Amino acid sequence: MESRWARARGLAIKTILLIGGALLLKRLTKSTTRWDHARLVADSLCGEKNSKRQAARDPDHYFNLRTITCPAAEMVDGSKVLYFEQAFWRMPQKPFRQRFYMVKPCQKEMKCDVEVRTYAIRDMEEYKNFCDRPKDQRPLPEEAIGDIAEHLTTIYLKRCERGKRCLYEGMTPPGGFPNSWNGATYCTSELAILKNNEIHAWDKGYDDCGNHVWGVKEGPYEFKPAPVSSFSDMLSSPLNLPPLSSNIDKRIEGGSCVLQE
């Protein structure tokens with residue numbers, strides 16, 4: 001009797017282990033959904049990042065810029081609306097670029113995984129230093145949705161192939177998007193999201209003849225996640241003060257194709 005009971009108990013334990021193993025295997029092999037990709041891209045874009053190392057390595061071509069991105073709202077369809085701003089690292093309180101990003105999965109028939117749309121903001125002054133403020137001092141999500149203005153660009157991202165440093169990479173469609181800054185007629189953007197939440201962004205403007213008229217030529221800006229920073233750190237660093245030059249705007253195009261204010 002005892003041996004029969006021992007066999008029955010052993011069989012029950014084996015059955016439980018087999019079922020548990022099957023469920024674990026199913027969980028581990030579950031395919032990533034389109035929305036999973038969109039959430040990962042949105043999470044990777046968020047946070048404070050800077051180009052400090054790149055500027056130290058090549059000060060002739062790159063400024064030490066600070067970018068900060070954070071959630072602003074969520075659309076009814078689940079698309080994430082992020083607020084983005086860019087400033088010189090030593091002057092974070094004075095951003096020279098402010099945008100909304102809308103992150104969502106690509107449509108099933110498209111050969112991409114995630115699309116990142118860039119929009120202008122109706123009242124940029126209201127959003128200045130949005131991510132640095134306490135949440136109860138920010139515009140409400142419904143206000144942010146109402147302040148989404150004209151569409152500027154869309155970048156289509158695909159998962160990177162195995163062995164590459166990046167998680168996702170992509171660019172604007174052929175022909176880019178309209179842009180009139182500094183004699184340009186269109187602009188293009190390239191974006192790569194790396195495994196350590198580093199972001200590489202490369203924006204360029206071209207005229208009717210295809211001549212490069214703004215944006216760095218040497219390669220993308222490399223924005224690395226920043227440690228917890230302080231205003232005293234920013235103000236005490238001599239690295240890359242913005243030069244008193246009329247050419248400054250041609251050099252700082254490094255965040256998104258812009259509709260210049």
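## A few points about helix 2 (residues 34–45)
Every α-helical turn comprises 3.6 residues, leaving residues that sit three or four positions apart pointing alike.
Inference 1: Helix length check: helix 2, at twelve residues, gives a terminal C-alpha distance of 17 Å against a target of 16 Å (1.5 Å per residue), a fit within 8%.
Inference 2: For helix 2, the full list of buried residues reads His37, Ala38, Val41, Ala42, Ser44 and Leu45. The buried residues of helix 2 occupy an angular sector of 165° when the element is viewed end-on, so they sit on one face.
Inference 3: Note on helix 2: the residue one or two positions beyond its end, Gly47, has a positive phi of about 110°.

## Notes on the pattern of salt bridges
Inference 1: With the rule as written, the count across this model stands at 13 salt bridges.
Inference 2: Measuring nitrogen to oxygen at the nearest pair gives 3.3 Å for the salt bridge that ties Arg159 to Asp113. On the criterion of sequence distance, the pair formed by Arg159 in strand 6 (residues 148–159) and Asp113 in the loop between strand 4 (97–105) and strand 5 (114–121) is long-range, its members being 46 residues apart.
Inference 3: By relative accessible area, Arg159 is classed as partly exposed at 49%.
Inference 4: Of the residues examined, Asp113 reaches a relative accessible area of 16% and is grouped as buried.
Inference 5: Between Arg165 and Glu198 there is a salt bridge, with its nearest N and O atoms 3.7 Å apart. Remark: Glu198 occurs in the loop between strand 9 (186–194) and strand 10 (199–206) and Arg165 occurs in the loop between strand 6 and strand 7 (166–171); sequence separation between them is 33 residues.
Inference 6: You can call Arg165 exposed: its relative accessible area is 56%.
Inference 7: One salt-bridge network, in which partners are shared between bridges, spans Glu48, Arg66 and Asp132.

## Looking at the packing of aromatic side chains
Inference 1: Scanning all chains against the criterion turns up eleven aromatic pairs.
Inference 2: Geometrically, the ring pair formed by Tyr62 and Tyr221 is edge-to-face, given 5.1 Å between the ring centres and 85° between the ring planes. Linking Tyr62 in the loop between helix 3 (52–57) and strand 2 (65–74) with Tyr221 in strand 12 (residues 221–225), this pair joins segments that are 159 residues apart in sequence. Residue Tyr62 shares its accessibility class with Tyr221, and that shared class is buried.
Inference 3: Ring pairs connect the aromatic residues Tyr83, Phe100, Tyr127 and Phe130, which therefore count as one cluster.
Inference 4: Positioned above the aromatic ring of Phe130 is the side chain of Arg138, whose terminal nitrogen or guanidinium carbon lies 5.0 Å from the ring centre.

## Topic: the confidence of the model for the protein chain
Inference 1: Predicted confidence across the protein chain gives a mean pLDDT of 84, with 75% of residues reaching 70 or more.
Inference 2: This stretch, residues 20–29, has a pLDDT under 50; its non-local contacts, to residues over four places away or in other chains, come to zero contacts.

## Structural notes on the layout of surface pockets
Inference 1: Size it by volume and the largest pocket reaches roughly 240 Å³.
Inference 2: Taken together, 13 residues form the lining of the largest pocket, with Arg159, Cys160, Glu161, Arg162 and Leu167 sitting closest to its centre.
Inference 3: Mapped by element, the contributors of at least two residues to the lining of the largest pocket are helix 2 and strand 7.
Inference 4: For the lining of the largest pocket, the element with the highest residue contribution is strand 7, accounting for three residues.

## Things to note about a negative patch on the surface
Inference 1: The grouping of Asp123, Glu126, Glu142 and Glu143 at the surface amounts to a negative patch.
Inference 2: You can see Asp123 is positioned in the loop between strand 5 and helix 4 (124–127).

## Some points on the state of the cysteines
Inference 1: A complete count under the given rule lists three disulfides for this structure.
Inference 2: Two residues, Cys106 and Cys112, share a disulfide whose sulfurs are 2.0 Å apart. In this structure, the disulfide formed by Cys106 and Cys112 twists by about -120° around the S-S bond and is classed as left-handed. Neither Cys106 nor Cys112 differs from the other in exposure class; each is buried.

The rules we used
- Residues numbered from 1 in each chain as written.
- Predicted model: local features only at pLDDT ≥ 70, side-chain atom pairs only at ≥ 80, totals over all residues.
- Heavy atoms only, no water.
- Helix = DSSP H or I, 4+ residues; strand = E, 2+ residues; numbered from the N terminus.
- Expected span 1.5 Å × (residues − 1).
- Buried < 20%, exposed > 50% of the residue type's maximum accessible area, 1.4 Å probe, protein only.
- Arc of directions from axis to C-beta.
- Salt bridge = Lys/Arg side-chain N within 4 Å of Asp/Glu carboxyl O.
- Phe/Tyr/Trp six-rings, centres within 6.5 Å; stacked < 30°, edge-to-face > 60°.
- Lys NZ or Arg CZ within 6 Å of the ring centre and 35° of its normal.
- pLDDT = per-residue confidence, 0-100.
- Contact = heavy atoms within 4.5 Å.
- 1 Å grid on protein atoms, 1.4 Å probe; cavity = no way out; pocket = protein on both sides within 12 Å on 5 of 7 lines; lining within 4 Å.
- Points joined across faces, edges and corners; volume = space filled by probe spheres on them.
- Patch = residues over 30% accessible without salt bridge, like charges linked within 9 Å, V, L, I, M, F, W, Y side chains within 5 Å.
- Areas by Shrake-Rupley, 256 points an atom, 1.4 Å probe, with all protein chains shown as cover.
- Lys, Arg positive; Asp, Glu negative; His and termini not counted.
- Charge placed at Lys NZ, Arg CZ, Asp CG, Glu CD.
- Disulfide = S-S within 2.5 Å.

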